[in-house]
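Single-letter residue listing:
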Amino acid sequence: MILELARTSFNSLLKVTTRTTSAAIASSQQIYRNMSSQSIDEKFELPKRYQGQAPSVWNEYIQLFMKYQPMNLGQGFTDYPVPQYITDALTATANSPNCLLNQYTRGFGHPRLVHALSSLYSHLVDRKIDPFSEVLVTSGAYEALYATIQGHIEDGDECIIIEPFFDCYEPMVKTAGGIPRFIPLRLKETGSDVISSGDYVLDDAELESLFNKKTKMIILNTPNNPLGKIYNRKELIKIAELCKKHNVLCVSDEVYEWMVFDDNQHVRICTLPGMWERTITIGSAGKTFSVTGWKIGWAYGPANLMVNLRIVHQNCVYTCPTPTQEAIAIAFESELKRLDSPQCYFNSLPVELEAKRDFMAKFLSDVGMKPIIPQGGYFMIADWSALESKADLSTESDAQKDYRMTKWMIKNVGLQGIPPSVFYNETNKSIMETFVRYCFFKKDENLEKAADILKNWVSK
Ligand code: PMP
Ligand code: GLN
């Protein structure tokens, strides 16, 4: 009897199991059919939030450089050694008896570096900056921008971007769900033949008209890449007033803060009344110590806003390389001891660059280009329209003329520059379509070679 019962239940269990198994097989076959009706390309399409983005100008133009080997005045970096004490600091760190310097460090910034940053910026902005809650060390200024934008922008928030702008701002805002609102700097009438980056200004009424209830953020870049404009105090006060009136966050990208020429002054917008509490300021060791390959940057601002950046950072890169952070901290400590001396790198670098700027402005003018004299940074924008007849732009297929000209020059003249339309949104790209951006932070010998290359071309 017990045996009979056991057999019956076993049989019914078997039936159920078989039914369940065949149902499972059928359903998995159905799923498989459904799945296989989608091709690999369809299923693994780029997520919508990234669609529409093409390879950036940096990726595209590095390829061109590798292929044609022109004189490279394109991407922004120097081609000669930086002061040796900076690179010695990295060697010493890697070989330090403290082997932990080759292991993970504190996620939000290596203690020695956040202390150095806090000492420097507390002095510069005249308020005590807490190294642990008001500073974040990031993977270059890129990540500082990314963490600030991702950490504050909600779907539908508007972000004001001033043109020309460093090209990653627009895609970063869009992928965070934000809506960029653009305003171009426009050349004012000066009556002078020599144009300065300071002659490019914002229209106050136009700027005011962009602020509304949805405005969450404005991104400011001073000194500006690519124009070299340094916003003066009056211009910054106007932006600050609007930020305060509309309760807007100001993201101030100041990676070129030490490259300031003539009698211009770099004013940090976070030092204006009522602005500390609504400003995140961004810096870069790549620019400060001319080591772009080290990819260390930082953001500083009030603790309640910095928390938002930390949330993004902790599950993105978590922490930045310890040896480079230690080496940059050592470099800062050396400079902090001589901030007012002409030997301080922050004071000697602009002097070195100013001479290179003047040399470039002269050789560009000599060949018939019209340079805009930068007040800061290490880029120069120049109008080449007077030389257009010397090129054959029909050989390139790009929509923008400056792309066609820079590509033609890479291939036929042997000189690489960057097309400035990349620093404008789609509707304003024509503003600088007959211009090129050159980097003048190059050894004198290479600037001379660039001058010769241009002279030979135009004299043909
Ligand atoms: N902002 C601006 C204006 C830049 O020109 C750059 C390029 N160096 C960056 C941010 C990014 O800097 P980093 O190399 O430190 O990521
Ligand atoms: N900031 C540098 C420039 O404008 C480099 C940018 C980059 O390589 N992504 O040239």
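This section reports on the structure supplied with the text.

Rules and cut-offs
- Residues numbered from 1 in each chain as written.
- Chains lettered and ligands numbered in written order.
- Predicted model: local features only at pLDDT ≥ 70, side-chain atom pairs only at ≥ 80, totals over all residues.
- Heavy atoms only, no water.
- Helix = DSSP H or I, 4+ residues; strand = E, 2+ residues; numbered from the N terminus.
- Buried < 20%, exposed > 50% of the residue type's maximum accessible area, 1.4 Å probe, protein only.
- Lys, Arg positive; Asp, Glu negative; His and termini not counted.
- Salt bridge = Lys/Arg side-chain N within 4 Å of Asp/Glu carboxyl O.
- Polar contact = N/O pair within 3.5 Å; in protein donor to acceptor, adjacent residues only side chain to side chain.
- Contact = heavy atoms within 4.5 Å.
- Near = heavy atom within 4 Å.
- Areas by Shrake-Rupley, 256 points an atom, 1.4 Å probe, with all protein chains shown as cover.

## Comments concerning unusual backbone geometry
If a residue is not glycine, its phi is most likely negative; likewise, a peptide bond is most likely trans.
So, point 1. Cis geometry marks the peptide bond from E163 to P164; its omega dihedral reads 0 degrees.
So, point 2. If you trace the backbone, P164 turns up in the loop between β3 (158-163) and α7 (169-175).
So, point 3. A cis amide bond, omega -15 degrees, links T222 with the succeeding residue P223.
So, point 4. Note that P223 resides in the loop between β8 (215-221) and α9 (233-245).

## With respect to the side chain of D383
So, point 1. Of note, D383 is situated in strand β13 (residues 379-383).
So, point 2. Look at D383: it is buried, it has no salt bridge, and the nearest opposite charge is K370 at 6.2 Å.
So, point 3. At 3.4 Å, the side chain of D383 and the side chain of T434 are in polar contact.
So, point 4. Residue contacts for D383: discarding those within four places in its chain leaves M369, K370, T434 and F435.

## A few points about the site of ligand 2
So, point 1. Around ligand 2, a shell composed of W58, Q75, G76, Y142, F166, N225, Y256, K287, F379 and R437 is seen.
So, point 2. Q75 is positioned with one of its side-chain polar atoms (N or O) 2.5 Å from an oxygen atom of ligand 2.
So, point 3. Contact distances for ligand 2 include 2.8 Å between an oxygen atom and a backbone N or O atom of G76.
So, point 4. Alone, ligand 2 offers 300 Å² of accessible surface; in the complex the protein occludes 86% of this.

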